[in-house]
Amino acid sequence: MTTTPVSDRQTQREEALIETVVASFDNTPDARLKEVMQSLTRHLHAFVREVRLTEAEWNTAIAFLTDAGHITDDRRQEFILLSDVLGISMQTVAVNNEAHGDATEATVFGPFFVDDAPLIANGGDIAGSAPGQPCWVEGSVRDTEGNPLPGARIEVWEADEDGFYDVQYSDDRVAGRAHLVADDEGEYCFWGLTPTPYPIPNDGPVGKLLDAVHRSPMRASHLHFMVSSPAKRTLVTHIFVAGDPLLTSDSVFGVKESLVLDFAEQAAGSPTPDGRDLGSRTWSRTTFDIVLAPEA
Ligand code: BEZ
Ligand code: FE
């Protein structure tokens, strides 16, 4: 839609308002809060002026935010979802995780992490009752000089093959999540599930927005990691499955090429790394070597 050019007088009025609002933050004692509020004011006003926002559109936006507030509770966070689908979560990840040597890249945290996931030994199984194809995951945790990081804490969590995390079920099951500790050589391994695609929660206002703009709620198949070690930057990331058609259209823009791994499919009956008997089931395996950047 084209907008009518505005007169010089109108431009002056609009610009004067911006300066008045910016100046209203001049006495903010916290310098960072002042910087953020003044910059936010300039950018929001620029947006309203650029699209010549109508009052009806502004009311629609307020109704949207009201709906987002109403659907948000302890288990559902619609505002984070909004930030995710606008790419703001990923932009914040980018700004705060500057590339450092060959440190593993970070990606979006997502809403499904839970503190106090059970501890498993190396070689243990995170799946619990979660259904899906077994997947053997192994790798190392090192610093950017290549030194192993024994004792690194590795949190892992993922959806089951029906596309749900344990916390999305109404019972109190704990499944598809655990934490483990890298061994004396900085190595780790566990059984999980081969990641499968799933939609982000799309029964609320964010889902309606995606519908209106013909965007899919689907996330590319992934397995979440959060890895920490003393004096190292904590890494929040996922690994993705090579060949997944959703890699180019992830609804929250989380995919990074360096995080796409081969999940090699293994025939039923082929020997497993730890001698586990999977009977007639197929399984997959992948290797994820993790490099942690030094703490800033
Ligand atoms: C997730 O990967 O778990 C996720 C990320 C962003 C929004 C919804 C889900
Ligand atoms: Fe996820």
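In the block above lies the structure referred to throughout.
Residues numbered from 1 in each chain as written. Chains lettered and ligands numbered in written order. Predicted model: local features only at pLDDT ≥ 70, side-chain atom pairs only at ≥ 80, totals over all residues. Heavy atoms only, no water.

## Observations concerning the overall build of the protein
Counting its secondary structure elements, the protein contains six helices and 12 strands. On the principal axes, the C-alpha backbone points of the protein span a range of 80 × 40 × 35 Å. Taking all 296 residues of the protein together, 40% fall into the buried category. Put simply, 70% of the contacts in the protein that link residues at least 6 apart link residues at least 24 apart. Of the accessible surface of the protein, which amounts to about 16500 Å², a share of 54% is contributed by carbon and sulfur atoms. Charged side chains in the protein number 22 positive and 47 negative. The centres of these two groups are separated by 7 Å. (Helix = DSSP H or I, 4+ residues; strand = E, 2+ residues; numbered from the N terminus. Buried < 20%, exposed > 50% of the residue type's maximum accessible area, 1.4 Å probe, protein only. Contact = heavy atoms within 4.5 Å. Areas by Shrake-Rupley, 256 points an atom, 1.4 Å probe, with all protein chains shown as cover. Lys, Arg positive; Asp, Glu negative; His and termini not counted. Charge placed at Lys NZ, Arg CZ, Asp CG, Glu CD.)

## Let's talk about the packing of aromatic side chains
Summed over all chains, the structure comprises 12 aromatic pairs. Seen in terms of ring centroids, Phe 190 and Phe 225 are 6.2 Å apart; in terms of plane orientation they differ by 55 degrees. Their pairing is tilted. Placement of Phe 190 in strand 4 (residues 187-193) and of Phe 225 in strand 7 (residues 222-228) is noted, with a sequence separation of 35 residues between them. Given a relative accessible area of 0%, Phe 190 falls into the buried group. With relative accessibility at 0%, the residue Phe 225 sits in the buried group. A cation over a ring is seen here: Arg 173 above Tyr 169, with NZ or CZ 3.6 Å from the ring centre. In this arrangement the basic side chain of Arg 276 is found over the ring face of Trp 191, its NZ or CZ atom lying 5.0 Å from the centre. (Phe/Tyr/Trp six-rings, centres within 6.5 Å; stacked < 30°, edge-to-face > 60°. Lys NZ or Arg CZ within 6 Å of the ring centre and 35° of its normal.)

## Topic: the coordination of the iron ion (ligand 2)
Coordination of the iron ion (ligand 2) by the protein involves Tyr 165 (OH), Tyr 198 (OH), His 222 (NE2) and His 224 (NE2), with metal-donor separations of 1.9 to 2.1 Å. Each donor residue of the iron ion (ligand 2) belongs to the same chain, with the gaps between them written as Y-x32-Y-x23-H-x1-H. With Tyr 198 in strand 5 (residues 198-199) and His 224 in strand 7, this residue pair connects regions lying 26 residues apart in the sequence. Each member of the pair, Tyr 198 as well as His 224, is classed as buried. (Donors = N, O, S within 2.8 Å, 3.2 Å for Na, K, Ca; no water.)

## Points about the site of ligand 1
For ligand 1, the full set of nearby residues is Leu 81, Asp 84, Gly 110, Pro 111, Phe 112, Tyr 165, Tyr 198, Ile 200, Arg 219, His 222, His 224 and Val 252. Residue Arg 219 places a side-chain N or O atom 2.6 Å away from an oxygen atom belonging to ligand 1. His 224 places a polar side-chain atom, nitrogen or oxygen, 3.0 Å from an oxygen atom of ligand 1. Protein chains shield 100% of the accessible area of ligand 1, which is 260 Å² for the free molecule. Going through the elements one at a time, helix 4 (78-85) and strand 7 are the ones with two or more residues in the shell around ligand 1. When the residues that make up the shell around ligand 1 are grouped by side-chain class, the tally is seven nonpolar, three polar and two charged. (Near = heavy atom within 4 Å. Polar contact = N/O pair within 3.5 Å; in protein donor to acceptor, adjacent residues only side chain to side chain. Nonpolar A, V, L, I, M, F, W, Y, C, P; charged D, E, K, R; others polar.)

## Details of a nonpolar patch on the surface
Together, Phe 47, Val 48 and Val 51 make up an exposed nonpolar region whose accessible area comes to about 240 Å². Within the secondary structure layout, Phe 47 lies in helix 2 (residues 31-51). (Patch = residues over 30% accessible without salt bridge, like charges linked within 9 Å, V, L, I, M, F, W, Y side chains within 5 Å. Salt bridge = Lys/Arg side-chain N within 4 Å of Asp/Glu carboxyl O.)

## Structural notes on the nonpolar core
In terms of nonpolar packing, the biggest core is built from 27 residues, with Val 141, Ile 154, Tyr 188, Phe 190, Phe 225, Val 227 and Ile 290 touching the most fellow members. Mapped onto this core, the elements with two or more residues apiece are strand 1 (134-143), strand 2 (153-157), strand 3 (177-181), strand 4, strand 7, strand 8 (235-241) and strand 12 (290-292). With residues near it in sequence (within four places) discarded, Val 141 still touches Asn 147, Pro 148, Leu 149, Ala 152, Ile 154, Ala 182, Gly 186, Tyr 188, Val 227, Ile 290 and Leu 292. Ranked by size, the runner-up nonpolar core spans 10 residues in total, among them Leu 81, Leu 82, Val 85 and Val 108. (Core = buried A, V, L, I, M, F, W, Y, C linked by side-chain atoms within 4.5 Å.)

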